[in-house]
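Structural overview
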Amino acid sequence: MDRREIAGLLAYMGRVDPRTRRTDPGELRDQVDQWQELLGDVPLNTESGWDARTAVRTHAVSSPYPALPVDVARQWHKHSADRLARHTDPLPSADPDDVESWRAELLGTRQAVLTGQRPPNEQRAITSGATVDPAVEARLRAIGSVIPPKVRAELSRFRPTRAAREAAAVEGRPDPLAVRCEWCHAPAGEPCRNRRMGLDGDARGNARRATPHPSRLDLATAELQRQETAA
Ligand SMILES: [Zn+2]
């Protein structure tokens, strides 16, 4: 609040609680100085429902003592804290690899909520975004993904196996990793492995394959068809 707003607030308070009214110009100026000192960064009102006059009135009806600037400041801080408690960080638009920008955007949004410059984001991040087909969602759940779609897309290059499974689910293609591989015996959910046998019959290599064995894809295709027929 600037001095003009403080003066208006004090005039209002003088009507609500005549004990606080100052008629001497010097005293009034001192009162404005003192209130402005403590409430300079508290807004008079915000679109989110804060109003300093309401705070003054609330104090007047709930306390036998004349309101002090700190009473208004306390209500403002409570109002801000309540807003932040309802706030869920929205997904920043910054590049997640740019940690500084990502962090700055998150903190900037919280600060804006705290100071009443924007409403809290009350949407739970996980349910925001495009509506997902229930069948696709069921498959994504089976894979165990709880990461919002946009972040997941950003992360996918670090997790090619999961990315391939999720892409298959979204596009309705069979997911080879949903079934066990009869060729290399990789269990469901695990990528196929290249097993190289030494001359003595012991396994020499066990490297993960980027692509599943073709017979495993055939199995998954058959399994998907079986499920779709049953559904
Ligand atoms: Zn395999």
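Anything mentioned here points back to the structure above.
Since we're looking at a predicted model, the values are computed, not measured.

Definitions and cut-offs
- For every chain, the first residue of the written sequence is number 1, and numbering continues from 1 onward in sequence order.
- Since the coordinates come from a predicted model, pLDDT governs what is reported: local features require at least 70, and pairs of side-chain atoms require 80 or more to be given and counted, while whole-chain, interface and lining totals use all residues.
- With hydrogens and water excluded, all non-hydrogen atoms of the structure serve as input to the side-chain values.
- Only N, O and S atoms count as donors, using a 2.8 Å cut-off from the metal and 3.2 Å for Na, K and Ca, and because water is excluded some sites may appear unfinished.
- Only four donors with every angle between 85 and 135 degrees are called tetrahedral; only four or six donors with opposite donors over 155 degrees apart and all others between 65 and 115 are called square planar or octahedral, in that order; all others are irregular.
- For the purposes of this entry, the term helix denotes a DSSP run of H or I that reaches at least four residues, the term strand denotes a run of E that reaches at least two, and both are numbered from the N terminus.
- In this scheme, a residue with accessible area under 20% of its type's maximum is buried, one over 50% is exposed, and one in between is partly exposed, where area comes from a 1.4 Å probe on protein chains only.
- Note on definitions: angles span 0 to 180 degrees between N-to-C directions of axes, and those axes are lines fitted to C-alpha atoms, for helices only across the stretch in contact.
- In this scheme, roughly parallel covers angles under 35 degrees and roughly antiparallel covers those over 145, while 65 to 115 is roughly perpendicular and the rest are oblique.
- Crossing chirality is assigned from the near helix's rotation relative to the far helix, an anticlockwise turn below a right angle marking it left-handed and a clockwise turn marking it right-handed.
- The contact definition used throughout considers only heavy atoms, calling two residues in contact when any of these lie within 4.5 Å.
- Amino acid classes used here: Ala, Val, Leu, Ile, Met, Phe, Trp, Tyr, Cys and Pro are nonpolar; Asp, Glu, Lys and Arg are charged; the rest, including Gly, are polar.
- Take the buried Ala, Val, Leu, Ile, Met, Phe, Trp, Tyr and Cys residues and link them wherever side-chain atoms come within 4.5 Å; each set so joined is a nonpolar core.
- For a helix, the expected span equals 1.5 Å multiplied by the number of residues minus one.
- The arc in question is the one spanned by the directions pointing from the helix axis to the C-beta atoms.

**Remarks on the coordination of the zinc ion**
Coordination sphere of the zinc ion, protein contribution only: Cys-181 (SG), Cys-184 (SG), Cys-192 (SG) and His-213 (ND1), at 2.0 to 2.3 Å. Coordination at the zinc ion is tetrahedral: its four donor atoms span angles of 104 to 119 degrees at the metal. Mapping the donors of the zinc ion onto the primary sequence yields the spacing C-x2-C-x7-C-x20-H. Of this pair, Cys-192 sits in the loop between helix H8 (160-171) and strand S1 (193-197) while His-213 sits in the loop between strand S2 (203-208) and helix H9 (214-230), placing them 21 residues apart in sequence. Neither Cys-192 nor His-213 differs from the other in exposure class; each is buried.

**Regarding the packing of helix H1 (residues 3-16) against helix H3 (residues 52-62)**
Following both chains from N to C, one finds H1 and H3 inclined at 25 degrees, their axes separated by 10 Å at the closest point. When the axes of H1 and H3 are compared, the pair comes out roughly parallel. For the crossing formed where H1 meets H3, the hand is right-handed. Where H1 abuts H3, its residues Leu-9, Tyr-12, Met-13 and Val-16 lie against Ala-52, Arg-53, Val-56, Arg-57 and Ala-60. Taken together, the residues of the contact of H1 with H3 break down into seven nonpolar, no polar and two charged.

**Topic: the nonpolar core**
In terms of nonpolar packing, the biggest core is built from 19 residues, with Met-1, Ile-6, Trp-35, Leu-39, Trp-50 and Val-72 touching the most fellow members. Broken down by secondary-structure element, the contributors of at least two residues to this core are H1, helix H2 (25-39), H3 and helix H4 (69-86). If you tally residues by element for this core, the top one is H1, at five residues. Dropping the residues within four chain positions of it, Trp-50 is found in contact with Val-42, Pro-43, Leu-44, Asn-45, Ala-55, Val-72, Gln-75, Trp-76 and His-79.

**A few points about helix H5 (residues 99-114)**
Its 16 residues give H5 an end-to-end C-alpha distance of 22 Å, which sits within 8% of 22 Å, the value for a rise of 1.5 Å per residue. All of the buried residues in H5 are Leu-106, Thr-109, Ala-112 and Val-113. The buried residues of H5 occupy an angular sector of 130 degrees when projected down its axis, which confines them to one face. With respect to the buried face of H5, the exposed residues turned more than 90 degrees away are Val-99 and Glu-100. In the core, the buried residues of H5 are packed alongside H4. Within two residues after H5, Gly-116 carries a phi angle of roughly 80 degrees, on the positive side.

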